[in-house]
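This is what each chain is made of:
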Amino acid sequence: MARESESGLPIEPVYGPDDLEGWDPGEKLGEPGSYPFTRGVHPSMYTGRPWTMRQYAGFGTAAESNARYKQLIANGTTGLSVAFDLPTQMGHDSDAPIAHGEVGKVGVAIDSIDDMRGLLDGIPLDRVSTSMTINAPAALLLLLYQLVGEEQGVSADRLTGTVQNDVLKEYIARGTYIFPPKPSLRLIADIFKYCRAEIPKWNTISISGYHMAEAGASPAQEIAFTLADGIEYVRTAVEAGMDVDDFAPRLSFFFVARTTILEEVAKFRAARRIWARVMRDEFGARNPRSLMLRFHTQTAGVQLTAQQPEVNLVRVAVQGLAAVLGGTQSLHTNSFDEAIALPTDKSARLALRTQQVLAYETDVTATVDPFAGSYVVESMTDDVEAAALELMRKVEDLGGAVSAIERGFQKGEIERSAYRIAQETDTGERVVVGVNRFTLDEEEPYEPLRVDPAIEVRQAERLAGLRAGRDRAAVDAALGELREAASGSDNVLYPMKEALRARATVGEVCDTLREVWGTYVPSDVF
Ligand SMILES: CC(C)(COP(=O)(O)OP(=O)(O)OC[C@H]1O[C@@H](n2cnc3c(N)ncnc32)[C@H](O)[C@@H]1OP(=O)(O)O)[C@@H](O)C(=O)NCCC(=O)NCCSC(=O)CCC(=O)O
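Residues numbered from 1 in each chain as written. Predicted model: local features only at pLDDT ≥ 70, side-chain atom pairs only at ≥ 80, totals over all residues. Heavy atoms only, no water.

### With respect to the environment of Ala372
Checked against the element boundaries, Ala372 lands in the loop between helix H14 (345-360) and helix H15 (375-397). By relative accessible area, which is 25% here, Ala372 ends up partly exposed. In sequence terms Ala372 and Thr38 are 334 residues apart; their C-alpha atoms lie 9.0 Å from each other. Excluding residues within four positions of it along the chain, Ala372 makes contact with Leu29, Arg39, Arg269 and Glu378. (Helix = DSSP H or I, 4+ residues; strand = E, 2+ residues; numbered from the N terminus. Buried < 20%, exposed > 50% of the residue type's maximum accessible area, 1.4 Å probe, protein only. Contact = heavy atoms within 4.5 Å.)

See the structure below:
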């Protein structure tokens, strides 16, 4: 009997030539590095250059996070990935009442250029690419990065990295939105234009399915809703007057890797094929780079267990393998203790070592797209593609990603899928090793890393010092310019940069935008 995949599609006990009858490799696969990019975005893939090992990290103060980044680099990481605390992600200063209890908890606290300077101290920005998981305030953090680059003598055209900047999935699954959809999309178009003119190698957005997957989305839902968000961003930028080939090469994506290797590989390959077709046929993109779906992967946090946490090391290795077999450009492997707390130095190192074993001890990097032509993987690639296209059509029928979000469509679909997973786990139909089978009577003790609660006081003191030491009139004047741009149609990033240079804080800049644009209140469908 066929088993069901995570997307609810059948997985047959045996696949053979009949399953690929009429299947045309020329149309479905092409060559690696060529349309429709099913086999990967580069002709040589990992035989030319391994994926970027990019471990998401950050906690406490800028100085503490800086020390962790230097340690990661010393251990062989090949790109940085900054986690910000919730107040920063929501555009509040560390001393704002609403920030209380959250400063430095899930990431680093960045209030101003002073903190950004500390975060990047001693890190050569012309040689390291940096991803920043920041969404509503993405423009601010990008500009702070550029300003620190200028101080290091690195011109903006040499900076490489990514801002997540994907606010649509914040409304669907992650929650750190500030402004309503319309000004949020306008801000994203401003960022595309600014980067095109000023920071051309920067990846301007990381259109993310990861968080939807963490909320329970199936693989088909994950790519469908993510690509639908991508389509909305492309439309926004085109409507804002940009030529598609002027910004599409710098769009990037972000997906999860689950333990179900076969379907995950199929998912990544299907996503590349769908995106290439959409960009070529719907948007008329001509530059091959505009058609390439380049993506970062993180192993599935939701599949980690607090019980017998060391078993997570095994899960992460399997998930990382899925990402690599699927042709990821960049990878974060979770630490085994992440279901319990922030990773310790040792668990962070082990997570990176897992990638190094995949890259240098296995043979999966010796040849491009090793699953190509496999009866099962090609069949599943077609199946996931068809299921995703069907969902994308439903989003279109609702008027596109934003209208569908406003009606709660994506959230509703994801909730249903999450409910199914929870039920299957409860009944034991879905085996979770160490949780509903192969359990221990008594778990071994585990000592997690804890963030020092005094960090909040230290950040508040730093802010008081900053406010006392800066030219208040210059800050007010710069924020006034920003207010004016936000009220009209001028690109907000130019006055925003001047405000940040004058040491305006993240909270002050975001409050200025909140005054003009208001904040988003979800229409709760549930
Ligand atoms: C495009 C990606 C996906 C990857 O960029 P990278 O710089 O790492 O890699 P890359 O672009 O593939 O490679 C770097 C350069 O080498 C080239 N290159 C690579 N491989 C090649 C090959 N085989 N042949 C020829 N050239 C090759 C590329 O074209 C590129 O140059 P050119 O540029 O000149 O072409 C980017 O967006 C990225 O790094 N994303 C990371 C996102 C992230 O870390 N997010 C964390 C989220 S954490 C989170 O959100 C979860 C928790 C939470 O909710 O907070």
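Read on, since the account is not over.
### As for the site of the ligand
Thr52, Arg54, Tyr56, Thr162 and Arg174 are the nearest of the 26 residues found near the ligand. Side-chain polar atom of Tyr56 to an oxygen atom of the ligand: 2.5 Å apart, as the coordinates give it. Note that an oxygen atom of the ligand is positioned 3.2 Å from one of the side-chain N or O atoms of Arg250. Across the complex, the protein chains shield 80% of the 1,100 Å² of accessible surface that the ligand would expose by itself. Mapped by element, the contributors of at least two residues to the shell around the ligand are strand E3 (52-57), strand E5 (130-133), helix H8 (210-214), strand E9 (251-257) and strand E10 (295-299). Its residues assigned to classes, the shell around the ligand comprises five nonpolar, 15 polar and six charged. (Near = heavy atom within 4 Å. Polar contact = N/O pair within 3.5 Å; in protein donor to acceptor, adjacent residues only side chain to side chain. Areas by Shrake-Rupley, 256 points an atom, 1.4 Å probe, with all protein chains shown as cover. Nonpolar A, V, L, I, M, F, W, Y, C, P; charged D, E, K, R; others polar.)

### Re the sheet that holds strand E11 (residues 330-332)
Strand order in this open sheet of nine strands is E7-E6-E5-E4-E3-E11-E10-E9-E8, and the pairing throughout is parallel. What marks the edges here is a single partner per strand, and that holds for strand E7 (202-203) and strand E8 (205-208). The pairing of E3 with strand E4 (residues 79-83) spans four bridges and is parallel. Bridge assignment links Arg54 to a residue of E4, and that residue is Gly79. Against the sheet, H14 engages E3 and E11, with an angle of about 165° to E3. (Pairing = 2+ DSSP bridges. Axes fitted to C-alpha atoms, helices over the stretch in contact; angles between N-to-C directions.)

### Overview of the UniProt feature "domain: Methylmalonyl-CoA mutase alpha/beta chain catalytic" (unreviewed entry) in the protein
UniProt's feature table lists "domain: Methylmalonyl-CoA mutase alpha/beta chain catalytic" (unreviewed entry) at residues 5-518, given in the numbering used throughout. For the annotated span residues 5-518, helix accounts for 50% and strand for 8% of the residues, and the straight-line distance between the end C-alpha atoms is 43 Å. (UniProt positions renumbered as here; feature names shortened; annotations may be inferred.)

### Thoughts on the side chain of Arg273
Topologically, Arg273 is positioned in helix H11 (residues 261-282). A distance of 2.8 Å separates polar atoms of two side chains, one belonging to Arg273 and the other to Glu385. For Arg273, the contacting residues outside a window of four places in its chain are Lys28, Pro36, Thr38, Thr381, Asp382 and Glu385.

### Considering the nonpolar core
Soluble globular proteins tend to pack their nonpolar side chains together in the buried interior. Core analysis: the biggest nonpolar cluster contains 79 residues, and Trp275 and Met279 have the highest contact counts within it. The element that contributes the greatest number of residues to this core is H11, accounting for eleven residues. When near neighbours in sequence (up to four residues on either side) are disregarded, Met279 contacts Val234, Val244, Ala248, Gly284, Ala285, Ser290 and Leu291. Listed in part, the 58 residues of the second largest apolar core include Leu144, Ala156, Val163 and Ala486. (Core = buried A, V, L, I, M, F, W, Y, C linked by side-chain atoms within 4.5 Å.)

### Quick look at helix H17 (residues 409-427)
For H17, built from 19 residues, the straight-helix expectation of 27 Å at 1.5 Å per residue is met to within 8% by its first-to-last C-alpha distance of 28 Å. Residues of H17 that are buried: Phe409, Gln410, Gly412, Glu413, Ile414, Ser417 and Glu424. Where H17 is buried, its residues touch helix H6 (167-174), H8, helix H9 (219-239), H15 and helix H16 (401-406). Residue Gly428 follows H17 closely and has a positive phi angle near 85°. (Expected span 1.5 Å × (residues − 1).)

### Digging into the packing of H9 against H15
Packing of H9 against H15 leaves a shortest axis separation of 8 Å and a crossing angle of 45°. The pairing of H9 with H15 is recorded here as oblique in orientation. Along this stretch, H9 crosses H15, giving a crossing that reads as right-handed. Only Val384, Ala387, Ala388, Leu391, Met392, Val395 and Glu396 of H15 make contact with H9, whose side of the interface consists of Ala220, Gln221, Ile223, Ala224, Phe225, Leu227, Ala228, Ile231 and Arg235. (Parallel < 35°, antiparallel > 145°, perpendicular 65-115°, else oblique. Left-handed = near helix turned anticlockwise from the far one by under 90°.)

### Some points on the environment of Gly480
Here Gly480 is to be found in helix H19 (residues 472-487). Spatially, the C-alpha atoms of Gly480 and Glu415 are 43 Å apart, while their sequence positions differ by 65 residues.

### Looking at the pattern of salt bridges
Throughout the structure, instances matching the rule amount to 42 salt bridges. Overlapping salt bridges, with partners in common, bring together Asp93, Asp95, Arg467, Arg470, Arg472, Asp476 and Glu508 in one network. (Salt bridge = Lys/Arg side-chain N within 4 Å of Asp/Glu carboxyl O.)

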